[in-house]
Amino acid sequence: MSIFIDKKTRLVVQGITGRDGAFHAKQMLDYGTNVAAGVTPGKAGQNIEGIPIFDSVEDAVKITGVNTSVIFVPPAFAIDAMYEAADSGISLIVCITEGIPTQDMLILHDYLKKKNVRLIGPNCPGLISPGKSKVGILPGHIHREGNIGVVSRSGTLSYEVVYSLVLAGYGQSTSIGIGGDPVIGTNFIDALSHFQKDPETDAIVLIGEIGGNDEQESADYIQENISKPVVSFIAGKTAPPGKRMGHAGAIITGGGTTAKDKIEKFESVGVPVATLISKIPGLLKERLG
Amino acid sequence: MSIFIDKKTRLVVQGITGRDGAFHAKQMLDYGTNVAAGVTPGKAGQNIEGIPIFDSVEDAVKITGVNTSVIFVPPAFAIDAMYEAADSGISLIVCITEGIPTQDMLILHDYLKKKNVRLIGPNCPGLISPGKSKVGILPGHIHREGNIGVVSRSGTLSYEVVYSLVLAGYGQSTSIGIGGDPVIGTNFIDALSHFQKDPETDAIVLIGEIGGNDEQESADYIQENISKPVVSFIAGKTAPPGKRMGHAGAIITGGGTTAKDKIEKFESVGVPVATLISKIPGLLKERLG
Amino acid sequence: MKIHEYQARKLFSRFDIPVLPGEIATTAEEAEEITTKFKVPVYVKAQVHVGGRGKAGGIKFAETPEQAKEAAKSILGMDIKGYKVSKVYVVANDPKLIVTSESYLGLILDRGKKAYCFMACAEGGVEIEEVARKTPDKIFKIWIDAAVGMMPFQARKLAKFLYKDPSMVKQASQIAANLFKLFRCLDASLAEINPLVTFKTGAVCALDAKINFDDNALFRHSDITEMYDPEMETDNDRKAKEMNLSFVPMEGNIGCIVNGAGLAMTTMDVIKYYGGEPANFLDVGGSSSPEKVKTAMELVSSDKNVKSILINIFGGITRCDDIAKGLLIALETLKDIPPVIVRLTGTNEKIAREILLQKGFNALSNMEEAAKHAIKVAEGGAL
Amino acid sequence: MKIHEYQARKLFSRFDIPVLPGEIATTAEEAEEITTKFKVPVYVKAQVHVGGRGKAGGIKFAETPEQAKEAAKSILGMDIKGYKVSKVYVVANDPKLIVTSESYLGLILDRGKKAYCFMACAEGGVEIEEVARKTPDKIFKIWIDAAVGMMPFQARKLAKFLYKDPSMVKQASQIAANLFKLFRCLDASLAEINPLVTFKTGAVCALDAKINFDDNALFRHSDITEMYDPEMETDNDRKAKEMNLSFVPMEGNIGCIVNGAGLAMTTMDVIKYYGGEPANFLDVGGSSSPEKVKTAMELVSSDKNVKSILINIFGGITRCDDIAKGLLIALETLKDIPPVIVRLTGTNEKIAREILLQKGFNALSNMEEAAKHAIKVAEGGAL
């Protein structure tokens with residue numbers, strides 16, 4: 001097993017004719033993902049790398065039976081694309097697009113909950129269940145099949161962690177980048193609860209960063225609900241307070257949101273925090289025996 | 001037992017200083033309902049019939065521990081009153097007020113669902129669990145404790161039915177008027193499912209009318225989920241098509257919403273429909289033995 | 001609340017939905033002047049709140065200003081289904097604009113789904129209820145969540161159901177989006193474009209406009225309330241409205257005054273069941289006052305066919321004593337009142353019975369008995 | 001996006017939030033004229049996007065037009081935390097308006113609760129972050145659902161937390177409701193009134209105004225985008241913005257060019273861990289192009305303290321070959337570039353390595369090794 005995606009994932013790429021959409025459709029296809037359809041309004045009948053293109057997600061669902069969508073459309077249209085996916089019977093939406101207005105996300109979040117549709121992102125790298133399926137922009141080749149669940153707010157940082165896990169001989173059940181925007185679909189706690197239930201996951205690496213207090217809430221959740229070993233890493237120890245460091249998730253908004261606060265919180269519930277990424281495998285080894 | 005309200009119901013009356021609010025607060029109190037508080041902004045510290053008045057529902061909840069609210073405030077303020085109740089920890093809202101904009105009800109409906117708050121109404125007479133509690137404007141003295149669950153879109157019509165049940169020796173577990181507006185909180189199916197689970201309810205009387213297709217959906221639900229006997233009555237057999245008959249629920253909107261359609265549908269799933277209210281007790285007797 | 005076609009078209013323009021130029025005239029001369037100004041043939045359309053204006057001769061085509069004057073002269077003052085025509089709408093009908101297709105767009109609220117329902121049909125200009133009944137598959141529906149509003153992909157879907165041409169799809173998407181905006185901003189209960197046409201030029205345009213509003217929301221739309229046309233109601237309609245009564249006249253001879261719509265319908269059903277004919281539906285509503293009852297008596301007895309009046313009250317929020325007081329006032333102040341049969345049960349029933357008894361009135365307590373009695377009295381029996 | 005106080009006050013007025021009269025001046029003479037017109041004493045306030053203007057001498061009280069001129073003269077041209085003052089806001093300060101209380105109202109988005117958070121505090125005119133940290137109980141919070149919007153009872157609650165007087169409660173409720181409307185309509189990310197004051201007259205008024213906007217939503221608010229003041233950014237800020245780079249200069253001597261904010265922060269952390277000092281935070285973002293890398297190189301090497309540059313790329317949506325190409329362009333076109341250490345892994349890594357190798361560049365693959373090497377080079381070691 002794995003979480004959220006596996007061999008049964010049938011993918012539609014929304015915005016498949018754009019630069020990034022086309023490139024990553026091929027990358028996913030090459031990785032072995034079942035990329036069954038693409039959608040770009042007005043381009044029905046064409047194809048990219050043999051992937052048939054449809055005018056609407058509804059058509060793609062009807063004809064190809066896709067159940068998962070990955071979104072590469074520009075920010076001004078991404079919200080529409082997500083509602084379209086949700087209304088067309090897609091059960092998992094992975095939104096790569098960056099720059100979606102926050103207020104739109106609030107309304108979308110409630111709607112997807114009502115419709116029982118899972119969203120990963122926006123502004124995220126997607127996720128990969130090595131050997132099974134990859135949905136998003138993660139570099140497939142660095143991942144290996146295995147028993148570690150990885151969840152991160154940051155894309156490249158999670159690659160770095162995965163890279164060091166693989167060097168140490170650890171594969172991943174699923175590695176998921178949840179995105180760094182203020183309002184996201186799937187959060188740390190969602191991922192943790194799924195990893196806990198997944199029989200193929202034996203331990204979890206949680207990669208946090210400064211800003212917000214999702215890490216603190218996760219720490220409380222771990223203490224209550226997670227019996228599998230969890231190892232953490234927090235980015236932003238040298239970030240000056242008040243300065244904006246890239247995406248919105250990385251603003252220090254006040255007391256309690258610094259790297260130090262988060263590290264202390266995790267350690268208080270027995271979750272070790274690695275000082276360097278290269279030290280994560282060692283901490284896992286201690287716990288997995 | 002009973003459904004939705006019982007001896008544990010602690011009531012706050014929103015709009016208690018209005019003509020209807022004050023009158024029915026006393027009526028409910030006299031019936032034996034635990035009317036613990038009233039709310040009218042700006043009138044905190046006063047009392048009506050010994051019921052203390054508060055400025056906000058939050059204050060009423062904090063000080064008197066009320067868990068149910070009945071709303072008598074004018075339509076322009078009733079939506080605000082319902083949100084206030086929901087946000088202050090009330091778990092059951094009974095809205096008597098008539099004339100609430102339909103679009104406002106759409107948004108409210110989703111919000112209450114998210115907050116897990118039950119709404120009965122708006123534009124409804126409320127409900128009564130005889131001998132336990134009465135919330136709303138139903139005439140308490142006509143009801144008797146017993147084992148029949150009554151649910152109706154129309155207030156006065158349900159009184160009429162209850163009256164004939166009592167004459168025939170049948171009491172009620174709970175009698176509930178769900179209201180006739182286009183968008184309401186609790187519907188027939190909600191009431192049916194609760195009556196099915198209530199050990200004190202042995203049979204159900206469902207009182208429908210022309211307009212919409214809630215009765216048809218209830219018929220399907222009964223066939224699938226209700227093992228207790230159900231007897232029905234449908235008002236509006238002589239209503240001319242297209243004419244507006246009082247509240248919005250009673251418009252014949254097109255095919256399939258006439259009294260005849262509804263009667264046929266109920267009979268097709270084995271639910272007998274009484275031709276006169278006075279015949280309901282007989283139909284019940286046949287089924288209850 | 002209903003408004004006229006010309007008012008609905010104005011609202012369409014406000015929300016950027018394309019319509020043809022048109023102006024309102026209350027005299028034949030004005031219709032002539034408008035046509036002169038437009039410099040093209042026109043349609044002269046009676047402005048009344050009922051369907052079937054065309055069949056009744058309320059819509060006429062005019063090639064010239066003179067013809068428009070004649071058309072207006074014949075339509076103004078006309079009686080269409082009981083409504084007197086006092087305004088005509090003069091709409092430009094440029095012969096260069098050749099209609100190439102007619103379809104239907106409509107927006108209502110779906111109470112079951114608790115969402116807006118947007119409907120499109122490739123057959124326009126026809127009675128949509130008819131189409132819905134006979135060939136429901138021809139109507140394409142989309143549901144719109146209230147919190148979310150209409151999304152571009154939904155507008156695109158509707159437009160694509162109607163048109164193939166990309167420019168028409170784009171125009172129709174915009175029209176659908178704007179119609180939704182209008183519906184939401186103005187608390188409509190129905191908004192229809194029937195027909196939505198395409199011209200040979202490729203333009204998409206609303207040829208007709210119909211909007212109804214949610215009465216409950218009018219308090220926050222003074223601009224809409226101002227559109228209310230008092231000419232479109234009878235004296236009885238007006239009286240009923242002022243007192244917040246629901247009143248629908250019918251063909252029978254037994255007047256009904258009841259509290260609650262459901263009980264009012266049931267009262268009619270019971271009369272019918274025992275062989276009588278109800279003369280009206282009348283719901284005095286919840287919180288009733290004596291004045292309401294007096295007005296109700298006035299309305300019901302204004303129908304000269306009425307031979308007996310059945311007052312059927314089951315008191316809840318309605319208090320029986322208010323009804324009794326109102327009835328006594330009515331009996332004292334109104335003339336030529338048919339015999340009244342009263343049935344009372346519920347809130348303040350006892351006080352009410354005492355009030356009535358002082359005037360020699362014996363109220364019944366069983367509805368079916370009361371109905372049977374009212375039928376007998378209507379047929380000439382003793383009170 | 002940030003805007004100036006005077007712009008925020010204009011928006012307040014548009015949304016019917018009461019403010020005192022004020023006008024903008026770019027010269028001392030204009031400040032004098034405005035004061036003459038107001039006929040009352042004024043505050044002359046530097047318009048820069050940083051806090052602590054008062055402490056820096058950027059806010060001055062002036063009794064007379066002459067004093068206002070002097071005040072403006074001393075403030076215009078001032079340097080406040082690196083920002084040059086080119087505009088002052090002249091605000092009327094009628095001595096008859098005696099301030100009787102100062103409080104705080106603020107609206108932000110609570111990412112955890114996925115709702116708007118409206119905050120009120122009876123202590124106004126102070127740093128609210130300070131209050132939040134030291135005495136969190138003094139801040140009253142209300143959460144507002146996005147689909148529902150702000151309800152009157154919520155506005156009443158906030159207002160009642162601040163005031164007892166019914167008229168003040170009413171005024172403050174309206175102000176809170178309007179501030180929420182502004183926030184929603186304009187896609188703000190922060191809206192603050194600090195202080196919200198009451199006058200002896202009983203009036204409630206916003207004495208200061210602060211609004212930040214959601215950058216992601218600016219595409220649908222051209223009126224807000226026009227408020228952007230290019231003077232409020234450095235040349236480097238501008239360059240970074242044009243290329244959609246995230247760039248924050250710091251004190252150290254090792255320049256960083258990284259893809260992804262998380263990895264960029266980690267790169268800084270690693271440098272620090274091994275005893276080095278990062279000179280900046282720079283995230284080249286996702287979909288990177290060679291031009292972006294060139295601009296990044298320009299930004300980083302413009303800091304003369306930088307002794308080595310560490311390019312750390314883990315390719316995902318970023319393609320390593322784009323980075324390699326951009327680096328080569330930068331090396332060819334820019335002068336005085338400090339030694340560059342490259343670490344590449346991920347998408348198109350192989351192609352990238354080939355490109356770099358052609359120019360004699362040996363890219364590393366381990367981040368920590370690369371960081372240690374960059375530190376050594378910055379300390380004068382060999383590349």
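Criteria and cut-off values
- The numbers attached to residues start from 1 for each chain and follow its sequence in the written order.
- Chain A is the first chain written and ligand 1 is the first ligand written, with later ones labelled in order.
- Side-chain atom pairs in this predicted model are given and counted only at pLDDT of 80 or more, local residue features only at pLDDT of at least 70, and totals for whole chains, interfaces and linings cover all residues.
- Remark: hydrogens and water are excluded; side-chain values derive from all non-hydrogen atoms of the structure.
- Residue-level confidence of the predictor is summarised by pLDDT, bounded by 0 at the bottom and 100 at the top.
- Only runs of H or I of at least four residues qualify as helices and only runs of E of at least two qualify as strands under DSSP, and these elements are numbered from the N terminus.
- Patch membership requires more than 30% relative accessible area and the absence of a salt bridge. Residues of like charge join within 9 Å; the nonpolar side chains Val, Leu, Ile, Met, Phe, Trp and Tyr join within 5 Å.
- Here the Shrake-Rupley method, with its probe set to 1.4 Å, supplies the accessible areas, and only the displayed protein chains count as covering residues.
- The salt bridge definition used is simple: a Lys or Arg side-chain nitrogen within 4 Å of an Asp or Glu carboxyl oxygen.
- Each domain's extent is set by a domain assignment, obtained either automatically or from a database.
- Classification of residues uses two cut-offs on accessible area relative to the type maximum, computed with a 1.4 Å probe and protein chains only: under 20% is buried, over 50% is exposed, and between them is partly exposed.
- The pairing criterion for strands is at least two bridges between them, as found by DSSP.
- Each axis is a line fitted through C-alpha atoms, taken for helices only over the stretch in contact, and angles between the N-to-C directions span 0 to 180 degrees.
- The criterion used for residue contact is that any of the two residues' heavy atoms lie within 4.5 Å.
- Note: buried area is the sum, over both parts, of the accessible area (probe 1.4 Å) each one loses when the two are combined.
- Between N or O atoms, a polar contact is any pair within 3.5 Å; within protein, one atom must be a potential hydrogen donor and the other a potential acceptor, and residues adjacent in sequence are included only when both atoms are from side chains.

**Q** Provide a residue-level description of the confidence of the model for chain C, including the pertinent values.
**A** Residues of chain C with pLDDT of at least 70 account for 99%, and the chain-wide mean is 92. Two numbers describe this predicted complex: its pTM, 0.91, and its ipTM, 0.89.

**Q** Summarise the environment of Pro278 of chain D; cite the residues concerned and give the values.
**A** Along the chain, Pro278 of chain D turns up in the loop between helix H9 (261-273) and strand S15 (280-283). Considered as a pair, Pro278 of chain D and Met250 of chain D are 28 residues apart in the sequence and their alpha carbons are 7.0 Å apart.

**Q** Got a sec to walk through a nonpolar patch on the surface? Specific residues and values, please.
**A** A cluster of nonpolar side chains, contributed by Tyr43, Ile59 and Phe61 of chain D, occupies part of the molecular surface with about 240 Å² of accessible area. Mapped onto the elements of the fold, Ile59 of chain D is located in strand S3 (residues 59-62).

**Q** I'd like a rundown of the domain arrangement of chain C, residues and numbers included.
**A** Under the domain assignment, chain C is made up of domain 1 (21-92), domain 2 (99-225) and domain 3 (235-378). Taking only C-alpha atoms into account, the centre of domain 2 of chain C sits 42 Å from that of domain 3 of chain C.

**Q** Tell me about unusual backbone geometry, and please be specific about residues and values.
**A** Following Gly121 of chain A, the chain continues to Pro122 of chain A via a peptide bond in cis, the omega torsion being 10 degrees. If you trace the backbone, Pro122 of chain A turns up in the loop between strand S7 (118-120) and strand S8 (126-129). Here the residue pair Asn194 of chain C and Pro195 of chain C is connected by a cis peptide bond, since its omega of 10 degrees sits within 30 degrees of zero. Along the chain, Pro195 of chain C falls in strand S10 (residues 188-199). Phi at Glu49 of chain B takes a positive value of approximately 55 degrees, unusual for a residue other than glycine. If you trace the backbone, Glu49 of chain B turns up in the loop between strand S3 (47-48) and strand S4 (51-54). Classification of Glu49 of chain B as partly exposed rests on a relative accessible area of 47%.

**Q** Explain the sheet that holds strand S3 (residues 59-62) of chain C to me, and be specific about the residues and the numbers.
**A** Residues and elements named next belong to chain C. Strand order across the open sheet formed by four strands is S1-S6-S2-S3, with antiparallel pairing between neighbours. Either end of the sheet is taken by a strand with one partner, and the two such strands are strand S1 (22-25) and S3. Ignoring which end each strand starts from, the neighbouring axes of this sheet average 20 degrees apart. With respect to the sheet, helix H2 (residues 28-38) is in contact with S1, strand S2 (42-46) and strand S6 (88-92), its orientation differing from that of S1 by roughly 165 degrees. Here helix H3 (residues 65-75) sits on the sheet and contacts S2, S3 and S6; the angle it forms with S3, its principal contact strand, is near 165 degrees.

**Q** Describe the interface of chain A and chain D, naming the residues involved and giving the relevant values.
**A** Accessible area lost upon the coming together of the parts serves often as the stated size of an interface. Taken together, the 58 residues of chain A in the interface contact 54 residues of chain D. Buried surface at the junction of chain A and chain D, both sides included, amounts to about 4,400 Å², of which 58% is carbon and sulfur. Seen at the junction of chain A and chain D, the total is four salt bridges. Here Asp104 of chain A ties to Arg220 of chain D by a salt bridge, and the two come within 2.8 Å at their closest N and O atoms. The interface formed by chain A and chain D contains 14 residue pairs in polar contact (both at pLDDT 80 or more). Secondary structure elements with two or more residues in the side of chain A that touches chain D: helix H1 (19-31), helix H4 (102-115), helix H5 (155-167) and strand S13 (230-235) of chain A.

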